[in-house]
Amino acid sequence: MSQGRMTSGNNSLVTEFILLGVTQQPEFQLPLFLLFLGIYVISVVGNLGLLILIVLNPHLQTPMYYFLFNLSFVDLCYSSVIIPQMLPSFVKQNIISYAECMAQLFFFCFFVIDECYILTAMAYDRYVAICKPLLYKVIMSPHVCLMMMVGVYVMGFVDAMAHVGSMLRLTFCDGNVINHYMCDIPPLLKLSCTSTTINELVIFIVGGVNVLVASLTVFTSYTLILSNICIHSREGRSKAFSTCSSHIIAISLFFGAPSFMYFKPSGGSQDEDKVATVFYTIMGPMLNPFIYSLRNKDVHIALRKTLKKRLFAMTIMMSGNDSLVTEFILAGLTNHPALQRPLFYMFLMVYIVTVVGNLGLITLIVLNSHLHTPMYYFLFNLSFIDLCYSSVFSPKMLMNFVSKKNVISYVGCMTQLFFFLFFVISECYMLTSMAYDRYGAICNPLLYKVTMSHQVCSVLSLSSYVMGFAGAMAHTGCMLRLTFCHADVINHYLCDILPLLQLSCSSTYINEVVVLIVVSINIMVPSLTILISYVFIISNILHIRTTQGRSKAFSTCSSHIIAILVFFGSGALMYLKYSSGSMDQGKIFSVFYTNVVPMFNPLIYSLRNKDVKIALRNILMKIQKRSIF
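Residues numbered from 1 in each chain as written. Predicted model: local features only at pLDDT ≥ 70, side-chain atom pairs only at ≥ 80, totals over all residues. Heavy atoms only, no water.

1. Let's talk about the confidence of the model for the protein
- Residues of the protein with pLDDT of at least 70 account for 85%, and the chain-wide mean is 81.
- Put simply, helix α1 (residues 2-8) is where the protein has its lowest mean pLDDT, 39, and helix α6 (residues 142-168) is where it has its highest, 92.
- The low-confidence segment residues 1-11 (pLDDT under 50) makes 26 contacts with residues lying over four places distant or belonging to another chain. (pLDDT = per-residue confidence, 0-100. Helix = DSSP H or I, 4+ residues; strand = E, 2+ residues; numbered from the N terminus. Contact = heavy atoms within 4.5 Å.)

If you want it as structure tokens, here you go:
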């Protein structure tokens, strides 16, 4: 029932909300926009930097830094849920749909509660480290740490579901102006025209449990720590205090601001609430990386070592890996001589069709003004990515079929790896943006032009490229730290991660961790976004009464669904074959998402698309008229 409400705009007069922002005074809008933009950039760089530092340095892979890794991840997500939606309120009227408001509320509650329990777990970790140092590795084993983190995220999910579930049962009538910069519980409750007793009861129970469990655990842990510290020498006390000081500051900052906000006299103004909220929603995620790095020797040492390694890696790249291997030999798709020439002609034709198809679609979209819509803007970017994507490896791949030995330099191999990953990840997120675009077109057609404005489309496409760049940099940066000794034959037709890892004569542990993290993010975020978008789309389509309306709605999504299935399906098959140890089968499946997908996308989006057919017909008629005259 709540899902139906969410899809249809709460089943009341209110289908969207207006976020007032931090202040309504015009003279403060631009300075505050620049201030919060700077804070967000620092938060992202600080937390992302701390994540990378912990992953790349083995001596930081301890329980303490495992929790800090999760804290930085939560802070990164936490600030990204709020600030990007907050910034538009400084430059224009900030409208948020009912579904988006509930989604923001869910993720805000989820990450806030996660942070609360992670800080609690860190307090327990400090208690064990100081009070039971000899049993520390036994008590805080990897299994225990993992179970604690699973418990943290489960608590966050359950509590967020409780708050959002009770919020979905409310009806919002005429009041749609939220006097806040985000969708928080108290401002939303003030707008409801139905009873909020159940919501207040849920807040009391959930809030009470979270505050009591967290505060009692932290208080008990530090009481035992203080009693233990008093027994030690002055030097021992100083060392023990230094290991806890960063955590105490983080706890004081996190629990202090919400305590002031929720427990101050009820007669206080809403503006005071908003100012207090800024501290624990925006300042906390920015300050945490500094709190845990400026006073931490291990982090200083790790940062120094990482910077030295990066400089060394750059030197290696310029000097040809500074090892016995200065170039690689690409084994290609097959070693059978009889298949070389037929495969050369086949893949040459595939490449020509890919270039002509994608270049043709790009030209068609540019030349036809009626195709200048969000849908075709994303399709333009998808075609551009496919064109570049196939050009990264196809020319080098074709050489395998005609030359005896296809040699690629170390620098050339790393460059190919970077651009291959950049365009693959970018395509993944571009398809995700297209799913969101279809959701906006079908579920909110009246607000489509507002939801998918030029600014929103630009931000979504830019984000796709940023994610591609970040993912490619992470993988290539880790690959640069490896040493390649005598083995130089890559059992593939391109420089891909897994075949290269098999040639390394140094530890690939960090690379495998980075692959796990980056691939998990790049699979989870797009797949969840696409899944949620199509759940809402299908739910909305099923509410359309006419068969013609349903058929039209399905036809607008069919091309995108086929493209998603081909891209994600072939990629999944390829990596599953690699993981099972069958490299040759892995190469065959990789052909589908490296060669076939870029060729098929223009055909998928043109053969089933009336707009593209009309545009093509108009262009051909213009060319024909010019040739006649």
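2. Topic: the packing of helix α4 (residues 98-131) against α6
- Remark: α4 packs on α6, axes separated minimally by 8 Å, with the N-to-C direction vectors making an angle of 145°. The way α4 lies across α6 gives a crossing that is right-handed.
- Class assignment for the residues of the contact of α4 with α6 results in 22 nonpolar, 2 polar and 2 charged. (Axes fitted to C-alpha atoms, helices over the stretch in contact; angles between N-to-C directions. Left-handed = near helix turned anticlockwise from the far one by under 90°. Nonpolar A, V, L, I, M, F, W, Y, C, P; charged D, E, K, R; others polar.)

3. Topic: the nonpolar core
- With 86 residues, the main nonpolar core has Phe17, Phe36, Phe108, Met167, Phe172 and Leu188 as its most contacted residues.
- Among all residues touching leucine 188, those that are not within four sequence positions of it are Phe17, Cys101, Met102, Leu105, Met167, Phe172, Ile178 and Cys183. (Core = buried A, V, L, I, M, F, W, Y, C linked by side-chain atoms within 4.5 Å. Buried < 20%, exposed > 50% of the residue type's maximum accessible area, 1.4 Å probe, protein only.)

4. Quick look at the side chain of asparagine 368
- Topologically, asparagine 368 is positioned in the loop between α12 (337-367) and α13 (374-402).
- The exposure class of asparagine 368 is buried, given its relative accessible area of 6%.
- Those residues in contact with asparagine 368 that sit more than four places away from it in its chain are Ala615 and Ile619.

5. Considerations on the pattern of salt bridges
- Under the counting rule described, the total for this entry stands at 2 salt bridges.
- Here aspartate 125 makes a salt bridge to arginine 126, at a shortest N to O gap of 2.8 Å. There is no split in this pair, since aspartate 125 and arginine 126 are both buried.
- Close ionic contact of aspartate 437 with arginine 438 constitutes a salt bridge, the shortest N to O distance being 2.8 Å. For the pair shown, aspartate 437 and arginine 438 are each scored as buried. (Salt bridge = Lys/Arg side-chain N within 4 Å of Asp/Glu carboxyl O.)

6. Some thoughts on the state of the cysteines
- For the coordinates displayed, the defined rule picks out 3 disulfides.
- The disulfide bridge from cysteine 173 ends at cysteine 193, spanning 1.9 Å between sulfur atoms. Residues cysteine 173 and cysteine 193 are joined by a disulfide whose S-S torsion is about 70°; by sign, that bridge is right-handed. Taken together, the residues cysteine 173 in the loop between α6 and β3 (177-178) and cysteine 193 in the loop between α7 (185-191) and α8 (197-229) connect sequence positions 20 residues apart.
- With a sulfur-sulfur separation of 2.1 Å, cysteine 413 is cross-linked through a disulfide to cysteine 495. Since a negative S-S torsion denotes a left-handed disulfide, the cysteine 413-cysteine 495 link at about -125° is left-handed. Of the two residues, cysteine 413 sits in helix α14 (residues 410-443) while cysteine 495 sits in the loop between β6 (489-490) and α17 (497-501), which places them 82 residues apart along the sequence.
- Free of any disulfide, cysteine 443 has its nearest cysteine sulfur in cysteine 557, 8.7 Å distant. (Disulfide = S-S within 2.5 Å.)

7. Considering the sheet that holds strand β5 (residues 406-409)
- Taken together, the 3 strands give an open sheet; going across it, the order is β5-β4-β6, and neighbouring strands pair in mixed fashion. Sheet topology places β5 and β6 at the edges, where each strand pairs with a single neighbour.
- Note: strand β4 (residues 327-330) against β6, 2 bridges, orientation parallel. Paired with leucine 330 across the strands is isoleucine 490, a residue of β6. (Pairing = 2+ DSSP bridges.)

8. Brief notes about the packing of α4 against α8
- Where α4 meets α8, the closest approach of the two axes is 9 Å, and the angle between their N-to-C directions is 20°. Looking at the two axes, α4 sits roughly parallel to α8. Between α4 and α8 lies a crossing whose hand is left-handed. Residues Ile113, Cys116, Tyr117, Thr120, Ala123, Tyr124, Arg126, Tyr127, Ile130 and Cys131 of α4 pack against Val209, Asn210, Val213, Ala214, Thr217, Val218, Ser221, Tyr222, Leu224, Ile225, Asn228 and Ile229 of α8.
- A breakdown of the residues in the contact of α4 with α8 according to their chemical character gives 16 nonpolar, 5 polar and 1 charged. (Parallel < 35°, antiparallel > 145°, perpendicular 65-115°, else oblique.)

9. Topic: the packing of aromatic side chains
- Across all of its chains, the model carries 31 aromatic pairs by this definition.
- On the numbers, 5.9 Å between centres and 80° between planes, the contact of phenylalanine 106 with phenylalanine 157 is edge-to-face. Here phenylalanine 106 is found in helix α4, whereas its partner phenylalanine 157 is found in helix α6, with 51 residues between them in sequence.
- Residue classification places phenylalanine 106 among the buried residues on the basis of a relative accessible area of 14%.
- Take phenylalanine 157: its relative accessible area is 43%, and that puts it in the partly exposed class. (Phe/Tyr/Trp six-rings, centres within 6.5 Å; stacked < 30°, edge-to-face > 60°.)

10. Some details on α13
- Given a rise of 1.5 Å per residue, 29 residues ought to cover 42 Å, and the 43 Å separating the end C-alpha atoms of α13 matches this to within 8%.
- Most pronounced at serine 391, the bend in α13 amounts to some 35°, and the proline proline 395 follows within four residues. (Expected span 1.5 Å × (residues − 1). Bend = angle between axes of the 7 residues up to and from the residue.)

11. Let's talk about the sheet that holds β3
- Read across the open sheet, the 3 strands follow the order β2-β1-β3; overall the sheet is mixed. Where the open sheet ends on each side, the last strands, each with one partner, are β2 (94-97) and β3.
- Taken together, the 4 bridges between strand β1 (residues 16-19) and β2 define a ladder with antiparallel strand orientation. Within β2, the position partnered with isoleucine 18 by the bridge is isoleucine 95.
- Relative to β2, α4 is tilted by about 85°, and along the sheet it contacts β1, β2 and β3.

12. Remarks on a nonpolar patch on the surface
- On the surface, a nonpolar cluster with roughly 520 Å² of combined accessible area is contributed by Leu146, Val150, Val154, Phe157, Val158 and Met161.
- Along the chain, leucine 146 turns up in helix α6.
- When its relative accessible area of 44% is taken as the criterion, leucine 146 is described as partly exposed. (Patch = residues over 30% accessible without salt bridge, like charges linked within 9 Å, V, L, I, M, F, W, Y side chains within 5 Å. Areas by Shrake-Rupley, 256 points an atom, 1.4 Å probe, with all protein chains shown as cover.)

13. Quick word on the pairing of β5
- Only one face of β5 is covered, namely the face carrying Asn406 and Ile408; the face carrying Val407 and Ser409 is uncovered.
- Two strands pair when backbone bridges link them, and β4 and β5 are joined in this way by 4 bridges, in the antiparallel orientation. Residue pairing for β5: phenylalanine 328 is matched across the bridge by isoleucine 408.

14. Details of the environment of valine 596
- With respect to the helices and strands, the residue valine 596 is situated in helix α20 (residues 583-607).
- Judged by its relative accessible area of 17%, valine 596 is buried.
- Taking the C-alpha atoms as reference points, valine 596 and valine 566, separated by 30 residues in sequence, lie 8.9 Å from one another.

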